[in-house]
Amino acid sequence: MAITVQNFIKLANLYNQMIMVMSAICVQKGGIAMENYVGRFFLADVLEYVYEYGRRLMEKNKSAVPADVAAVIKRFGEQYERVKDLTTPTQKPLYEMTLEEFERVMNI
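Residues numbered from 1 in each chain as written. Predicted model: local features only at pLDDT ≥ 70, side-chain atom pairs only at ≥ 80, totals over all residues. Heavy atoms only, no water.

Quick word on the pattern of salt bridges
Next, step 1: Enumeration over the complete set of coordinates arrives at 4 salt bridges.
Next, step 2: The salt bridge partner of Arg 55 is Glu 52, with a shortest N-O separation of 2.5 Å. Of this pair, Arg 55 and Glu 52 both sit in helix H2 (residues 40-60), separated by 3 residues, roughly a single helical turn.
Next, step 3: Given the relative accessible area of 30%, Arg 55 is considered partly exposed.
Next, step 4: Glu 52 is paired through a salt bridge with Arg 56; the nearest N and O atoms lie 2.9 Å apart. With Glu 52 and Arg 56 both in helix H2 and 4 residues apart, this pair spans about one turn of that helix. (Salt bridge = Lys/Arg side-chain N within 4 Å of Asp/Glu carboxyl O. Helix = DSSP H or I, 4+ residues; strand = E, 2+ residues; numbered from the N terminus. Buried < 20%, exposed > 50% of the residue type's maximum accessible area, 1.4 Å probe, protein only.)

As structure tokens, this is what we get:
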């Protein structure tokens, strides 16, 4: 996937939709707090990926990134700093793996 503003917007929308679904699940399960929901770990991993994608987009071509998208990337960075201790630890982050490394880790 080429690192583009359009792809970042799609990923950001996916993350925002997942937050809404997580919130609905918490309500459906009796109003449990989102910080007590087991899915928060997966959501932290998704946020890590989306933020890293946005960071690399800014690094690659900052002038091509609109100001509103840059603000979203910054906000995701702030959110990620608050939840980075929830992300899944790995020797190498997924976004830095080659396809062969990913397939080996996933046992494909």
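Alright, that's what it looks like, and here's the rest.
Structural notes on the packing of H2 against helix H3 (residues 67-83)
Next, step 1: Contact geometry for H2 and H3: axes closest at 9 Å, N-to-C directions at 140 degrees. For the element pair H2 / H3, the angle class is oblique. Where H2 crosses over H3, the two elements pack in a sense that is left-handed. Across the interface between the two elements, Ala 44, Leu 47, Glu 48, Val 50, Tyr 51, Gly 54, Arg 55 and Met 58 of H2 pack against Ala 70, Ile 73, Phe 76, Gly 77, Gln 79, Tyr 80 and Val 83 of H3.
Next, step 2: Its residues assigned to classes, the contact of H2 with H3 comprises 10 nonpolar, 3 polar and 2 charged. (Axes fitted to C-alpha atoms, helices over the stretch in contact; angles between N-to-C directions. Parallel < 35°, antiparallel > 145°, perpendicular 65-115°, else oblique. Left-handed = near helix turned anticlockwise from the far one by under 90°. Contact = heavy atoms within 4.5 Å. Nonpolar A, V, L, I, M, F, W, Y, C, P; charged D, E, K, R; others polar.)

Remember that the coordinates give geometry; whether it matters functionally is a separate question.
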